[in-house]
Amino acid sequence: MKGFGAVEESAHTTVRGIVAVAEELGVSAAQVALAWLRYRPVSVIPIIGARKLTQIEDNIRSLDVELSPEQLQRLDKASAVSLGFPHDFIGSRMLSELIDAGQRVLGMTRSDRSARQLEHAGAEVHRGTLEGVESITSGAAQAEPVIHTAFDHDFSRFAENCEKDRRVINAIGAVLAGSDRPFIITSGTGMGSPGPGHVAIEDVFDRDNPNPRRLSEVAGEEVAKRGVSVAVVRLPQIHDAKKQGLVSPAIKIARAKGFAGYIGDGANRWPVAHVTDVARLYRLALDKHQASARWHAVAEEGVPAREVAEAIGLGLGVPVKSLSPDEAMKYFGWLGPFAQMDMPASSAFTRERLGWEPQGPGLIQELRNMDYSSVEAQ
C-alpha cells in the first residue's frame, strides 16, 4: 500500500492465493479472506473496521462464502512458512515468533521429540534429514517462503558439513527456481570480513575466505542465478542460559582440563547475540524480505576471549590461564582453530534497514548468572 510503507514479500504470495480463489467464486478478495478465517483450526475473531458501505457489504456477504477443501489447501499453502530443520535452539524460538505473527508453519525435523514439540506449538510436521534430498525438496515444495537454519554441528567434520549445506541449499533452490518465493539461508558473520581482524559488514562477501562456511553463500548465489529470491542471515555465536555456540564446548574443555584457557593476551573477539534476538531477526528478514540481502544477527560486536575465559573460570571455580598457540592446540583440540580467530562483526546496516534492536542479555552477563551444571556442549 503506497504511502504506508512497503508490503512484506511473504504477504504478496498469500494475497495472490486469495485473489485467485475470489476470481473462481466470483466474489471479492475481502470476502474470501474473511471466510477463510472461519475455517481456521483455532479460534479467530476478526476485528472489522468498515468505513464504507461496500466494506460492510463485503463483511456480511463473507458469511455466505463456502470454500472447498481444495481451495482451503491452496490458501494454507500460500501462507505457509517452512523453517527448514528446526531444532531446540534457534528453531523453537523462531517457531514462536512466526506463529505469534500469524504465520502457518511447516516444520521439518528428523526426531519424534522435535515433532511433538512442533505439533504442541501449533506447527505442522514434515519428516526429513540433511542427508535426504528427496525429503528436503518435498518439504520445500509444500511451502511458499522457506527458512533454512539447519546445519550439522559436528565441528570435527566442519568442511564436510559445509559442503553438505551447499547441497541442501541447491536442492531447495531447484524446487523454488523461477518463482518469487522467499528463501532465507544461514551463514556466518565471518564471511563479511574484508580481512583478518577487520569488522565484518553486511555488504561484503569474501568468496575466497578459507573458512568453508562460505559455501553456503556460494550456493545462495548459485540458486539466485536460477531465479530464486535468496537472502542470507549471518550468525555470530548465539547464546542463552544453557547453550552459547562455541563457548559451550569451551566450558566443557575447561571443566575437563581444570582451568579456563585463552590464547596470548586474549584480545581476539567473537561477535554474539541472544537466541531470542536472533529468532526475531529471522522473522523480520522474512516480513521485509529483500532478494540478495545479507543480514547480521549481531548484538555485541566482539567479546574478547579473555573476558569469556574469566567468566567461565568464575562459573566453574577454576583458574584462568594464558596459552601459547602450541599449548592452545593441545588444550582446545578441534576447537583450536576457532579459539584463535579474531572476528568482530557489525549489524549497523541490519538494524537500520530492518528496525532490529537486540534486547536479550549479553554473553558475559549470562555466563556469570547461569547454572553451570546445566550447560550442554554443542
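The shown structure was predicted, so the numbers you read here are calculated from the model rather than taken from an experiment.

S.K.: Explain the pattern of salt bridges here, please?
M.R.: Proximity of charged atoms lets side chains of opposite charge pair with each other. Scanning all chains against the criterion turns up 21 salt bridges. For the salt bridge of R74 with E24, the shortest nitrogen-to-oxygen distance reads 2.7 Å. One end of the pair, R74, is in helix α4 (residues 69-78); the other, E24, is in helix α1 (residues 9-25), and 50 residues separate them in sequence. By relative accessible area, which is 30% here, R74 ends up partly exposed. Given a relative accessible area of 46%, E24 falls into the partly exposed group. Of the charged contacts, one joins D165 and R213 as a salt bridge, the two residues approaching to 3.4 Å between their closest N and O atoms. Taken together, the positions of D165 in helix α8 (residues 158-176) and R213 in the loop between β5 (182-188) and α9 (214-224) put the pair 48 residues apart, joining distant regions of the chain. For the pair D165 and R213, one class covers both residues: buried. Connected through shared salt-bridge partners, R207, E217, E221, R234 and R294 make up one network.

S.K.: Help me understand the nonpolar core, please; the structure alone is not making it clear to me.
M.R.: If you look at soluble globular proteins, the nonpolar side chains tend to sit buried side by side. Membership of the largest hydrophobic core comes to 35 residues, with the highest contact counts inside it found for V247, V308, I312, F332 and L367. Broken down by secondary-structure element, the contributors of at least two residues to this core are α8, α10 (247-257), β8 (260-263), β9 (269-274), α12 (305-316), α13 (325-332), α14 (336-339) and α16 (363-369). If one sorts the elements of this core by residue count, α10 sits on top with five residues. Not counting chain neighbours up to four residues away, the residues in contact with V247 comprise W270, V308, I312, L363 and L367. Formed by 28 residues, the second largest nonpolar core is a distinct cluster that contains I90, A123, I184 and I238.

S.K.: How do you make sense of the environment of P194 when you look at a structure like this?
M.R.: Mapped onto the elements of the fold, P194 is located in the loop between β5 and α9. Residues P194 and F205, spaced 11 residues apart in sequence, show a C-alpha to C-alpha distance of 7.9 Å. Once you skip the residues sitting within four places of it in the chain, P194 turns out to touch V199 and V204.

S.K.: How should I be thinking about the side chain of R213 in this particular structure?
M.R.: Accessibility expressed as a relative area gives 11% for R213, which makes it buried. Engagement of the side chain of R213 in a polar contact is seen with the side chain of S216, the distance being 2.6 Å. R213 has contacts with F151, F158, C162, D165, T186, S187, G188 and M191, leaving out every residue within four places of it along the chain.

S.K.: Would you explain the side chain of S347 in this entry?
M.R.: As for its placement among the helices and strands, S347 is situated in the loop between α14 and α15 (348-354). Under the relative-accessibility criterion, S347 is labelled buried at 4%. Polar side-chain contacts of S347 include one of 2.8 Å to the side chain of R351. Residues in contact with S347, not counting those within four places in the same chain, are E202, H296, V298 and W356.

S.K.: I keep staring at the confidence of the model for the protein and nothing clicks. Help me out?
M.R.: Where the model shows low pLDDT, its predicted coordinates should not be examined in detail. Here the protein averages 86 in pLDDT, while 89% of its residues score no lower than 70. With pLDDT under 50 throughout, residues 1-10 is counted as low confidence; its partners more than four residues away or in other chains account for 12 contacts. Across residues 82-87, confidence stays below pLDDT 50; counting only partners more than four residues off in sequence or on other chains, it has 32 contacts.

S.K.: Which parts of the structure should I look at to understand a nonpolar patch on the surface?
M.R.: A cluster of nonpolar side chains, contributed by L53, I56 and I60, occupies part of the molecular surface with about 310 Å² of accessible area. Tracing the sequence through the fold places I56 in helix α3 (residues 53-61). For I56, a relative accessible area of 41% puts it in the partly exposed group.

S.K.: Would you explain the sheet that holds strand β7 (residues 237-239) in this entry?
M.R.: Sheet strands pair via backbone hydrogen bonds, and the direction of the pair is either parallel or antiparallel. Pairing in this open sheet of three strands is mixed, and the strands run β7-β9-β11 from one edge to the other. Pairing within the sheet leaves two strands with one partner each, and these edge strands are β7 and β11 (300-304). When strand polarity is set aside, the average angle formed by the axes of neighbouring strands in this sheet is 45°. In this sheet, β9 lies alongside β7 in parallel orientation, the contact comprising three bridges. Residue pairing for β9: I238 is matched across the bridge by A273.

S.K.: I tried to follow the packing of helix α5 (residues 90-100) against helix α11 (residues 275-287) on my own but got confused; where do I start?
M.R.: Each pair of packed helices gets described by two things: the angle between the helix axes and the distance between those axes. In contact at an axis separation of 8 Å, α5 and α11 are set at 50° when each is read in the N-to-C sense. The orientation of α5 relative to α11 falls into the category oblique. Read as a crossing pair, α5 and α11 show a hand that is right-handed. Contact residues: I90, R93, M94, E97 and L98 in α5; V275, T276, V278, A279, R280, Y282, R283 and L286 in α11. Within the contact of α5 with α11, the residues separate by chemical class into eight nonpolar, one polar and four charged.

The rules we used
- All residue numbers refer to position in the chain's written sequence, counted from 1.
- The model is predicted, so local features are restricted to residues of pLDDT at least 70 and side-chain atom pairs to those at 80 or more, both for listing and for counting; the totals for chains, interfaces and linings are taken over all residues.
- Computation of side-chain values: all heavy atoms of the structure, hydrogens and water removed.
- The term salt bridge refers to a pairing of a side-chain nitrogen on Lys or Arg with a carboxyl oxygen on Asp or Glu at a separation within 4 Å.
- Strands are runs of DSSP state E lasting at least 2 residues, helices are runs of H or I lasting at least 4, and numbering of each runs from the N terminus.
- The buried label goes to any residue with under 20% of its type's maximum accessible area, the exposed label to any with over 50%, and the partly exposed label to all in between, with areas taken from a 1.4 Å probe on protein chains only.
- Definition used in this section: a nonpolar core is a set of buried Ala, Val, Leu, Ile, Met, Phe, Trp, Tyr and Cys residues joined via side-chain atoms within 4.5 Å.
- Here, two residues are considered to be in contact whenever any of their heavy atoms come within 4.5 Å of each other.
- Whenever two N or O atoms come within 3.5 Å, that pair is a polar contact, provided that in protein one can donate a hydrogen and the other can accept it, and provided that, for residues adjacent in sequence, both atoms are side-chain atoms.
- Every residue carries a pLDDT, the predictor's confidence in it, which falls somewhere between 0 and 100.
- Residues enter patches when they are more than 30% accessible in relative terms and free of salt bridges; like-charged ones are connected within 9 Å and nonpolar ones (Val, Leu, Ile, Met, Phe, Trp, Tyr) within 5 Å.
- Areas reported here follow the Shrake-Rupley algorithm with a probe of radius 1.4 Å; residue values treat only the protein chains shown as occluding.
- Here, any two strands with at least 2 DSSP bridges between them count as paired.
- To get an axis, a line is fitted to the C-alpha atoms, and for a helix only the part in contact is used. The angle between two axes follows their N-to-C directions and goes from 0 to 180 degrees.
- For this classification, under 35 degrees means roughly parallel, over 145 means roughly antiparallel, 65 to 115 means roughly perpendicular, and everything else is oblique.
- A crossing counts as left-handed when the near helix is turned anticlockwise from the far one by less than a right angle, and as right-handed when that turn is clockwise.
- Residues are sorted three ways: Asp, Glu, Lys and Arg are charged, Ala, Val, Leu, Ile, Met, Phe, Trp, Tyr, Cys and Pro are nonpolar, and all the rest, Gly among them, are polar.

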